[in-house]
Amino acid sequence: MATSLQDALSWRRRGQRRRRLRSFRLQVMLLVGALLAGMLLAQGAYLNHRKAEIIADQMGQRALAVAVSVAAIPEVIAAFDRADPSAIIQPIAERIRRETGARYVVVGDRQGIRLAHPLPERLGLPMVGGDNDRALVHGESYVSEATGSLGEAIRGKTPVVDGQGHIVGIVSVGFMLDRVAMDVGRYTGLSWALVALMVVLGFAGAYGLSRHLKKVILGLEPHEIARLAMEKEAILQSIHEGILAINREGRITLVNQQARRFLGLPDERQVLGEPVQEVVPNSRLLEVLERGEQQFDQQMWLGDHPVVVNRVPVRYDGQIEGAVATFRSRREIVELSQALSQASRDVDMLRAQAHEFSNKLYTIAGLLQLERVREALALIHQESAQQQARMSFLRDHVADPVLSGTLLGKLTRARELGVTLEIDPDSSLGAPLTATGQEVLMSVIGNLLDNACDAALQKGGQGGDGESGEGARVRLFFTDLGEQLLIEVEDNGPGVPAERAATIFEEGFSTKPGKHRGIGLALVARLCRQHGGEITLEESELGGAAFTAVLDKSLCQAPAASDPPVDSTRRRR
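Keep in mind that what you see is a predicted model, and the values were worked out from it rather than measured.

A. Spotlight on the sheet that holds strand 11 (residues 420-423). If you walk across this open sheet you meet the five strands as 11-12-13-15-14, and the pairing is mixed. Of all the strands in the sheet, the pair left with one neighbour each is strand 11 and strand 14 (534-539). With direction set aside, neighbouring strand axes in the sheet form an average angle of 15 degrees. Relative to strand 15 (residues 545-552), strand 13 (residues 484-491) runs antiparallel, the two sharing seven bridges. The residue of strand 15 that forms the bridge with Leu486 is Val550. Helix-sheet contacts for helix 13 (residues 401-417) involve strand 11 and strand 12 (473-479), and the interaxial angle to strand 11 is about 150 degrees. The sheet strands contacting helix 15 (residues 520-530) are strand 14 and strand 15, and the helix crosses strand 15 at an angle near 30 degrees.

And the structure:
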């Protein structure tokens, strides 16, 4: 067990070391530091090599200059005609050697025999090096490196020429290479110290740079950034909303798959970097860039698609760096809204029916317990006849099944509330509705009936002075006669005061207490205006308010030839 624990700890430590070695900050520091150190070392080596060459060349030129000076001394030239030239040349050569710091000053005759040398015992011996011919034969002055009797040296050699221009001897002045190396090391040592300092400073700067970069990328490693980028791309491409983003110059930087579908673009490379005004002229993203204002739930068209758009600016350090628009298909929203509305209506209808039929079941059960079978059967037949009558009327007078379901649900809901909801027997809708027409009529009729039931309960439901002293009553009439759809809803409620008639269709205005009121009538008025109609308020024959909504008949579609005929008996109030 202990061995297993030790192995696990060792494996963990190795993993930590590997992670440290792979860390972005360490990699940046090593990369930048190594690059800078390599550059500095290469530059230092080159400069120091050049400096060594220059120093060696200067030493050779110095040796040659001394040699030329010695060869030009008249006493030295004249001494070659004497029987013992060394007696004159040796003192002169030694004095010059000491004054110039040369390792040796050697003078030889035409045969290369030494006439002057730092070591007197070597006078009269041949010069060593084997490179005297250039001076003695060709009369050249030159610098050479060779190993002489005193060691390896840089030497300057020049011929000694008498007054008639004849070569009578040679002068060789040398500086030892070890001294040259010492001089080179002295001059280049400081340079290497500076290079070492710059390398240290370079690694320190690389460390600071790596820390700054790590902070800028939020402490993430490159593989983590890559993973986040791939995840972000996958999310953007898979979500159901279209996304379009631009930079501060108004050029497109992002367009996801759903947005390309709306725009009809097979490849995002066709639009990336393009001005947004050329691709989506009505995007209004440039307004967001200029004003920095957010825009939510705005409607627009992208190609043939009606969409709902949200636009927000992208800010960084208080500055607007771009803007993003997200949009979703309005058709899909409408379809979802219809499905939810239908489900809500079904639930309301089922709840109302369950409540209503539970009471009637209790009544039937009581009658059976009292052995009043005839009365129980009559109640059952009465309920069945009423339900069949409603369904038969809607089937014969309303061609659209969605509207029929809405009306059936409202009838059931009204009965649950204790409101008598009457549908005028002359009502008729002979043509089915379009998808938009279903949505509009559900909203218009539903809101008008809900408001009418609430108003009727305020007065008629309390035994007030309705038209006939009855309870809460609501009457509905609709027809598609002519070029328009007509919907009329009346109630026997308290009505609308004359001073409020002008503001009742404004959003937020309501005569009922509580929050979230004043929405239904404003929505109905807006839908009527959007679809070529209007809504008006009059006094009802029942004693309350009468709302008349007029809509364009384009919300209906022509019935198919195979559709059953609908009762054409209509009226216009």
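B. Here's a closer look at the side chain of Ser144. Mapped onto the secondary structure, Ser144 falls in strand 3 (residues 142-148). In contact with Ser144, other than residues within four places in its own chain, are Asp131, Ala153, Ile154, Arg155 and Lys157.

C. Spatial organisation of the nonpolar core. Ranked by size, the top nonpolar core spans 44 residues in total, and within it Leu441, Val444, Leu448, Val474, Ile487, Ile535 and Leu551 carry the most contacts. Sorting the residues of this core by element identifies helix 12 (373-397), helix 13, strand 11, helix 14 (435-459), strand 12, strand 13, helix 15 and strand 15 as the ones contributing at least two each. By residue number, the principal contributor to this core is helix 14, which donates nine residues. Those residues in contact with Leu441 that sit more than four places away from it in its chain are Leu403, Leu429, Leu433, Gly446, Leu485, Ile487, Leu551 and Leu555. Judged by nonpolar contacts, the second largest core, of 25 residues, contains Met59, Val76, Ala79 and Ala93.

Parameters at a glance
- Residues numbered from 1 in each chain as written.
- Predicted model: local features only at pLDDT ≥ 70, side-chain atom pairs only at ≥ 80, totals over all residues.
- Heavy atoms only, no water.
- Pairing = 2+ DSSP bridges.
- Helix = DSSP H or I, 4+ residues; strand = E, 2+ residues; numbered from the N terminus.
- Axes fitted to C-alpha atoms, helices over the stretch in contact; angles between N-to-C directions.
- Contact = heavy atoms within 4.5 Å.
- Core = buried A, V, L, I, M, F, W, Y, C linked by side-chain atoms within 4.5 Å.
- Buried < 20%, exposed > 50% of the residue type's maximum accessible area, 1.4 Å probe, protein only.

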